[in-house]
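# Inside the fold
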Amino acid sequence: MSAYAADVAALARKDLLLEFRSRDTLPAMLLFVVSALTVFHFALPGGSSERAETGLLWIAIVFTALLGLARAFAAEREQGVLDGLVLAPSDRSAIWLGKTIGVTVFLVLAELVALPAFALFFHPLSWELVAAVALADLGIAAIGTLLAAMAAASRARELLLPLLFLPLVIPVVIGGVGASVAAEPGSFLAFLGLYDAVFAILCWASFEYVVTE
Amino acid sequence: MWLLSEHSRGPSLRFGPPLLAAAATGLLVVGFGLAFYWAPEDADQGFSQKIFYLHVPIALTAYACFGWGAWKALRLLWTGERRYDLESYTAIHMGVIFGLLTLITGSIWAKVSWGVWWSWGERQLVLFLILFLFYSSYFMLRFSTEPGPRRERNSAVYALFGVVLIPVSFLAVRIAGTILHPTIFTHEGADLPGEMLAAFCVCLAGMLSLAGALYLVELSGKRIDASLRELKELLA
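The text that follows walks through the structure, step by step, so that each part is easy to find. (Residues numbered from 1 in each chain as written. Chains lettered and ligands numbered in written order. Predicted model: local features only at pLDDT ≥ 70, side-chain atom pairs only at ≥ 80, totals over all residues. Heavy atoms only, no water.)

Right, let's talk about the overall build of chain B for a bit. A tally of helices and strands in chain B yields 6 helices and 2 strands. Secondary structure elements of chain B occur, N-terminal to C-terminal, as α-α-α-α-α-β-β-α. Looking at chain B as a whole, 48% of its 236 residues are labelled buried. Nonlocal contacts in chain B, meaning residues at least 24 apart in sequence, comprise 79% of its contacts between residues at least 6 apart. (Helix = DSSP H or I, 4+ residues; strand = E, 2+ residues; numbered from the N terminus. Buried < 20%, exposed > 50% of the residue type's maximum accessible area, 1.4 Å probe, protein only. Contact = heavy atoms within 4.5 Å.)

In structure tokens form, the structure reads like this:
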């Protein structure tokens, strides 16, 4: 294993271990997503289409991710860890990659509860929906981690992150909802893959500038 | 002027604004003159199609401003020269103004053509709404971060995200939406009669000069503002 991969693995492991011990974020995300689905049931008038329900599932996913991302750099900020990480003799993009892996794992765990709950409350899932959610997770985690680092450097952290995040994930929602309801989901899934690739490369390349003092 | 720090340095702005402003005035007067008196009326839309000569140049100018801002942001990250920060910020400021004008003129066109102020089927308008939200957040990011190298780099990275978001959102809106907007430019090139295209190009050149003039005026204002703040700090 190269030094870079070892750095990334150590950073991701740190995040997962920290969450496993403190249980700050994941329980909140799980509770939030199930509450949101319950609220959606009452928000939809009786006889609403399955398409509307699917659209609301995407809203739940985006806002659950936002909840997790707002906490993504909380530990680093409170303990001043980021300065240490930036000074460490490793590539700074490894910090982004490690954090993105951690965020993706949280998102997937939250959806392991959310998707069955959705199937139970509303209607059965299609494989296209699951594939679209998996692809969307990567893009959301990649871009959300970078924006969370940006927002952590500002005064209005919790306020700023949704403002930065939502315009950038509109394409994810378009692709995700399209893949879930369209007759031919192929082009929407391909679009999600393209989005992931483009923004992951961009975030990977530019993270260094965001964390360096 | 020797007090000015590296923020406010850059090429002199003495001659640019008046020249560009004169060019903008001339080109826009000639362009709209050509559009209204010389170019033929559109067979489908009639007189209301004339807003095309205002709406589309404004939209393309907004793209140009966003692109220019991202280019300056890239220069900032590449060279580390801090003067690019104000240039990038000013370009995006202009882009947001022209983007808002695009939304307003597009909305008027939609009202005249289809009888509604807003149509989610019109791809360009939806795209500009996304971009307008995105670049408005740029200001939120700037205003809530302490001035310094960190803010300059964060803003620059966000500005770069913008130019990547433009084609990605364009693609997203294209695969999502129904196609209602008349596609004037197709893959085979401009689908316009010669007179219309000529009038359109003059209007576009005028709008770009106008944006350039406004950009230079605003840039000098922002530079003066930055150096004034520095002087105050020195005196305090």
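From this point, the narrative continues.
Residues and elements named next belong to chain A. If you walk through the whole model with that rule in mind, you get 4 cavities of 30 Å³ or more. One number sums up the size of the largest cavity: a volume of about 90 Å³. Taken as a whole, the second largest cavity spans an internal volume of roughly 50 Å³. Lining the second largest cavity, in full, are Met29, Ala65, Gly68, Leu69, Ala72, Val103, Phe106 and Leu107. Counting only elements with at least two residues in the lining of the second largest cavity, the list comes to α3 (50–70) and α6 (93–121). Class assignment of the residues belonging to the lining of the second largest cavity gives a composition of 7 nonpolar, 1 polar and no charged. (1 Å grid on protein atoms, 1.4 Å probe; cavity = no way out; pocket = protein on both sides within 12 Å on 5 of 7 lines; lining within 4 Å. Points joined across faces, edges and corners; volume = space filled by probe spheres on them. Nonpolar A, V, L, I, M, F, W, Y, C, P; charged D, E, K, R; others polar.)

Any aromatic ring pair is given by two values, namely how distant the centres are and how the planes are angled relative to each other. Residue and element names in this part refer to chain B. Per the counting criterion, the structure on display carries 15 aromatic pairs over all chains. A ring pair is formed by phenylalanine 134 and tyrosine 158, whose centres lie 4.3 Å apart and whose planes are at 10 degrees; its orientation type is stacked. Of this pair, phenylalanine 134 sits in helix α4 (residues 123–143) while tyrosine 158 sits in helix α5 (residues 149–176); the two residues are 24 residues apart in sequence, bridging distant segments of the chain. For tyrosine 158, a relative accessible area of 0% puts it in the buried group. (Phe/Tyr/Trp six-rings, centres within 6.5 Å; stacked < 30°, edge-to-face > 60°.)

Our next topic: the nonpolar core. Core analysis: the largest hydrophobic core is formed by 118 residues, its most contacted members being Ile143, Leu168 and Phe199 of chain A together with Phe161 of chain B. Looking at this core, the element that brings in the most residues is helix α7 (residues 127–152) of chain A, giving 15 residues. Leave out the neighbours within four places in its chain, and leucine 168 of chain A touches Ile143, Leu147, Tyr195 and Phe199 of chain A together with Phe134, Tyr158, Phe161 and Leu165 of chain B. Membership of the second largest hydrophobic core comes to 12 residues, among which are Ala39, Phe52, Trp109 and Phe200 of chain B. (Core = buried A, V, L, I, M, F, W, Y, C linked by side-chain atoms within 4.5 Å.)

This brings us to the pattern of salt bridges. Residue and element names in this part refer to chain B. Applying the stated criterion to the full structure yields 15 salt bridges over all chains. Glutamate 81 is the partner of arginine 83 in a salt bridge, and the nearest nitrogen-oxygen pair spans 3.4 Å. A relative accessible area of 18% places arginine 83 in the buried class. Beyond isolated ion pairs, a larger network of salt bridges with shared partners links Lys72, Glu81, Arg83, Glu87 and Arg223. (Salt bridge = Lys/Arg side-chain N within 4 Å of Asp/Glu carboxyl O.)

Taken together, the contacts link 26 residues of chain B with 32 residues of chain A. A combined buried area of about 2700 Å² lies between chain B and chain A, and 74% of that area is made up of carbon and sulfur atoms. The interface formed by chain B and chain A holds 1 salt bridge in total. Linking chain B to chain A there are 6 residue pairs in polar contact (both at pLDDT 80 or more). For the side of chain B that touches chain A, the elements supplying multiple residues, two or more each, are α4 and α5 of chain B. The element best represented in the side of chain B that touches chain A is α5 of chain B, accounting for 15 residues. (Buried area = accessible area lost by both parts, 1.4 Å probe. Polar contact = N/O pair within 3.5 Å; in protein donor to acceptor, adjacent residues only side chain to side chain.)

Take α7 of chain A next. End to end, α7 of chain A covers 36 Å across 26 residues, agreeing with the expected 38 Å (1.5 Å per residue, within 8%). Burial analysis of α7 of chain A places 20 of its 26 residues in the buried class, which makes it a mostly covered element. (Expected span 1.5 Å × (residues − 1).)

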